[in-house]
Every structure is written in C-alpha cells, then in structure tokens.
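The chain contents come next:
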Amino acid sequence: MEVKNRNQQMVSATSAVAQTKLAKFTPVPEKGFPMIHLAAPGQLVTSLSATARAEWINVDHPKVLIRVFDYDGTDPTKINPILTRKIERTIKEIATAYNMRNVNCAVSPPTPAETYPIDTIPNAFLVHQITGEIRDILVGQRIWSSEPITLEARPFVERAFPTLLFNLAGFTTTNGDIVHNAIYSLWSDPEVCHMIFVILNNNDPFFKQEAVIANSPQIITKFINSMTIEFLDYKVARGIETPRYNVHADSPTAHPGAWTSLREFLTSLKYPTSLHGTGAATYLSSCTLCHSASHPRGLCEFPNIPNWNGPLAEPKSKGGPKNKNNAMKGKWL
C-alpha cells in the first residue's frame, strides 16, 4: 500500500511538473479547440511533388503532419528552415514536459510540385522518427499555441473524409432553418437521390455489390439526414450583411473519387426558396490564420479563445496588432 501511494504521488508530481512546463501553451478550451476543416481528402499531401509524396508515404510510422498557423507556404527557401527548427524545438519541449528524455525528432519541410497554382502551395511539415506516445500526445491535443509558434497536429492517415462540402451564397435570410429546409428538400428529391446513387455506383466498387445496392436508399437517407449548416456572418462595404452558409454532411463513401464526384454534383445544384433568394455554391475561403477551408481569416474563432496566445485575426500592422476581440465569428445552426 505504501509503495502504491508513493507511485501515485510520483504520477501526481509528474503531472504537476508537466502542467507547469506546458503553461506557455494555450490551454484546451472547455468545449475543445475549433475544428479545422480540410477541403478534400489527402489535401495535405496531394500538393507535394510526386517524389516527396512517395517518400513521405514510405517513411516509417509513427509520424504526424504539422501545419503552422499564419504561414501560407510562400518564400519556402527562407521560411521553411526556420519553421523546421521551431517545430523540432516545440516537440522536444512538449516531450520534456512529459518527462521523456533523449527525444528523437525529425522534421521534413514540404517540397512543392514543379508547377502549382498559388492557392495550393503545400504548408504541411512531416514529423517522424518519434515514439507512438509523442504522436498520441501531439494529435490528442491537436493545437499547440505559444507565442513563438502555433501548430496543428494531424494524423498522417485520416480515415474520415471531410464533412465540409461547399459554401452557399445568395440567400437573404439569417434563418438557418429556412436554408436547411431548402437543401434538405432538394437532396430528398427522387431525381437527386437517383443521381447520388448513380455517382456512388459508378465511382465506388463497394456500391456495385448487390447487398449494398439493395441497401442504398437507407445509405443515401442517412447521408441526407447527416447534413448540417454553419452560418457565416459575411459583410460587404458599409456593414451590409451578405449571409453565407457552409454545408456539411458525413460521406456515404470511403472512395476519394466518389466523394469528389458527389460533391461536384451537389455543388452544381441551385438551392431556391420562395421568399429568401436562391443559394449557389461559391469558392471555399481558406483561413490564412488556421488554414481551415470553412471560413476567411476575419471569421476565425481561434483568436477569441480564452488565453489565446497565437496569431490574431488581423495581421500585425505598423500600428501594432489589432484587438483580437474584433474578430467576427460564425455560428452553428
């Protein structure tokens, strides 16, 4: 009993020390950090050069992907070596706080394809030669925000597909129920349901099985019922409201090609209402602060987190950083 109590005291002491050493990082909010949405499956590696992508895939596990807040991947010759060292230092600080010694850590910066559009510059770093424990700690908290650098840690392989499908503009209402009903009614139309089945059947071998074909109405219904929307408080000059809505749903398929074709079809539709305008898909605005595909920088929720010590919603200017309380927020409906 005495030995057991002593061990419990040692664990408690270690936890207290770890908490003290981790005090430089923003603590996890009560409801967790905001979600950072990807625009497509495999987004973080698809913009790499083919050689780099193959080598990253072949690197032994455990490994994680790291994205640095407020960095868009530009000027990699100058910035990537600096960020590589900062990431290494941060991970070793986290490991030390958990009483891990002689921690190994390798960080590989992204190598872009020879030609790529400016909006697909890769900005994810590969962290490898780490233990499974370090990987689980990094991914478990997900966001590590300190004054020198703020990181997002993601699993190298993500089983779940993105829930974010597209963004709708054109509605004149901020009543989410009206928008939700317009989307739900259109998706539930028999012709639309048939097209969803055709897309899944043509692109995903799983949906060619007789048992799955027979069960496809239930699968499609589950997909439609999973749909949710997120209100984005867009404004134009003079504060005129131009509401937009992100549309989310759980993918009915685990096939990347089928998911892409399904999203393209649903994005191509128009979403009419009788009294509140017609919704049409618009380009997803990636946040230059947190990199989420769900909102522009001005609507990023991270700067509003209590004790946030990462980048602010507005970039620093000659007059000093903007007040983080001015950042606008989206709202789930």
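Please read all numbers here as calculations on a predicted model, not as lab measurements.

About the thresholds
Residues numbered from 1 in each chain as written. Predicted model: local features only at pLDDT ≥ 70, side-chain atom pairs only at ≥ 80, totals over all residues. Heavy atoms only, no water. Helix = DSSP H or I, 4+ residues; strand = E, 2+ residues; numbered from the N terminus. Contact = heavy atoms within 4.5 Å. Pairing = 2+ DSSP bridges. Axes fitted to C-alpha atoms, helices over the stretch in contact; angles between N-to-C directions. Buried < 20%, exposed > 50% of the residue type's maximum accessible area, 1.4 Å probe, protein only. Salt bridge = Lys/Arg side-chain N within 4 Å of Asp/Glu carboxyl O. Phe/Tyr/Trp six-rings, centres within 6.5 Å; stacked < 30°, edge-to-face > 60°. Lys NZ or Arg CZ within 6 Å of the ring centre and 35° of its normal.

## A closer look at the side chain of Thr 173
No. 1: Positionally, Thr 173 belongs in the loop between β6 (164-171) and α6 (176-188).
No. 2: The residues touching Thr 173, leaving out its near neighbours within four places in the chain, are Ile 178, Val 179, Pro 243, Tyr 245 and His 276.

## Quick notes on the sheet that holds strand β1 (residues 64-68)
No. 1: The strand order β2-β3-β1-β5-β4 describes an open sheet built from five strands, whose pairing is antiparallel. Each edge of the sheet is formed by a strand with only one pairing partner; in this case those strands are β2 (106-108) and β4 (143-145). Taken over all neighbouring pairs, the strand axes of this sheet differ in orientation by 25 degrees on average, direction set aside.
No. 2: With five bridges joining them, β1 and strand β5 (residues 150-155) adopt antiparallel strand pairing. Bridge assignment links Val 68 to a residue of β5, and that residue is Leu 151.

## Some thoughts on the pairing of β6
No. 1: With seven of eight residues buried, β6 lies mostly within the body of the structure.
No. 2: Judged from the four bridges that link them, β6 and strand β8 (residues 244-248) form a sheet pairing that is antiparallel. Each bridged residue has a counterpart across the sheet, and for Asn 167 the counterpart in β8 is Asn 246.
No. 3: Looking at chain direction, β6 and strand β10 (residues 277-282) are connected through four bridges and run antiparallel.

## Quick look at the pattern of salt bridges
No. 1: Tallying each qualifying case throughout the model produces eight salt bridges.
No. 2: Among the ionic pairs, Glu 152 bridges to Arg 67, the shortest N-O distance being 3.5 Å. You can see Glu 152 sitting in strand β5 and its partner Arg 67 sitting in strand β1, a full 85 residues away along the chain.

## Section: the packing of aromatic side chains
No. 1: Under the definition given, this model contains 11 aromatic pairs.
No. 2: Measuring from centroid to centroid gives 5.5 Å for Phe 25 and Trp 144, while their planes differ by 85 degrees, and the two rings are edge-to-face. Placement of Phe 25 in the loop between α1 (2-21) and α2 (43-46) and of Trp 144 in strand β4 is noted, with a sequence separation of 119 residues between them. Trp 144 shares its class with Phe 25; the two are buried.
No. 3: Every member of this aromatic cluster is reached through a ring pair, and the members are Phe 33, Phe 69, Phe 302 and Trp 308.
No. 4: Lying over the aromatic face of Phe 25, Lys 24 brings its terminal NZ or CZ to 5.7 Å of the ring centre.

## What to know about unusual backbone geometry
No. 1: The amide bond that connects His 61 to the next residue, Pro 62, takes the cis arrangement and shows omega of 0 degrees.
No. 2: Along the chain, Pro 62 turns up in the loop between α3 (50-58) and β1.
No. 3: Although it is not a glycine, Gln 129 adopts a positive phi angle of roughly 55 degrees.
No. 4: Residue placement: Gln 129 occurs in the loop between β3 (124-128) and α5 (132-141).
No. 5: You can call Gln 129 exposed: its relative accessible area is 53%.
No. 6: Positive phi, close to 75 degrees, is recorded for Arg 142, a residue that is not glycine.

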